[in-house]
Amino acid sequence: MSAPNVFVATLIFVFAVSAASTSAQTLLPDDRAALTELVSKFQLASGIPPGWVVADTSIACTWPGISCIAVNETFLTIKVLDIRPLKRSIYWLNLSPVFSKFRNLEVLRIMGYGLIGSLPSEISMLTQLQELVIDNY
């Protein structure tokens, strides 16, 4: 096998191993519990955001508006929650302390909901939060 072919074969192997290890990662238990609680709030309030497959929170990192990064070889954590309804409609969502349970969250955007209640003081527990957007438009 020539040098370029060996190089290409090595690259393919590395990408295959990388993809396999990523697919084996799962959401941190605390993030999964917080997400399950958040989903229940949506179900009670206004319906689940479009594209969220609530029957399987293990794939939450593929849901629209959710971005995750690897914590280690085993676990992923949620870094971005960007929650918007499918269409402009009347949705009501209580800004509950559940959002403060996403300890590694860097971005929280909630737009297009008729939000009720005040900003919970527990939001200050999000020490990694860099961007907070709340818009009732």
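Conventions used here
- Residues numbered from 1 in each chain as written.
- Predicted model: local features only at pLDDT ≥ 70, side-chain atom pairs only at ≥ 80, totals over all residues.
- Heavy atoms only, no water.
- Helix = DSSP H or I, 4+ residues; strand = E, 2+ residues; numbered from the N terminus.
- Polar contact = N/O pair within 3.5 Å; in protein donor to acceptor, adjacent residues only side chain to side chain.
- Contact = heavy atoms within 4.5 Å.
- Buried < 20%, exposed > 50% of the residue type's maximum accessible area, 1.4 Å probe, protein only.
- Pairing = 2+ DSSP bridges.

Novice: What am I meant to see in the side chain of T77 here?
Specialist: Secondary-structure assignment places T77 in strand β3 (residues 75–83). For T77, the side chain forms a polar contact with the side chain of N104, separated by 2.9 Å. For T77, the residues in contact, after removing those within four places along its chain, are L27, L28, D31, S67, C68, I69, V71 and N104.

Novice: Can you help me understand the pairing of β3 in this one?
Specialist: Each regular strand carries side chains that alternate between the two faces of the sheet. Here β3 lies mainly inside the structure; eight of its nine residues are buried. With two bridges joining them, strand β1 (residues 26–27) and β3 adopt parallel strand pairing. Opposite T26, over in β3, you have F75 as the bridge partner. Where strand β2 (residues 66–70) lies against β3, five bridges are found, and the strand directions are antiparallel. Residue pairing for β3: I66 is matched across the bridge by L81. Connecting the antiparallel pair β2 and β3 is a turn made up of four residues. Pairing between β3 and strand β5 (residues 107–111): four bridges, direction parallel.

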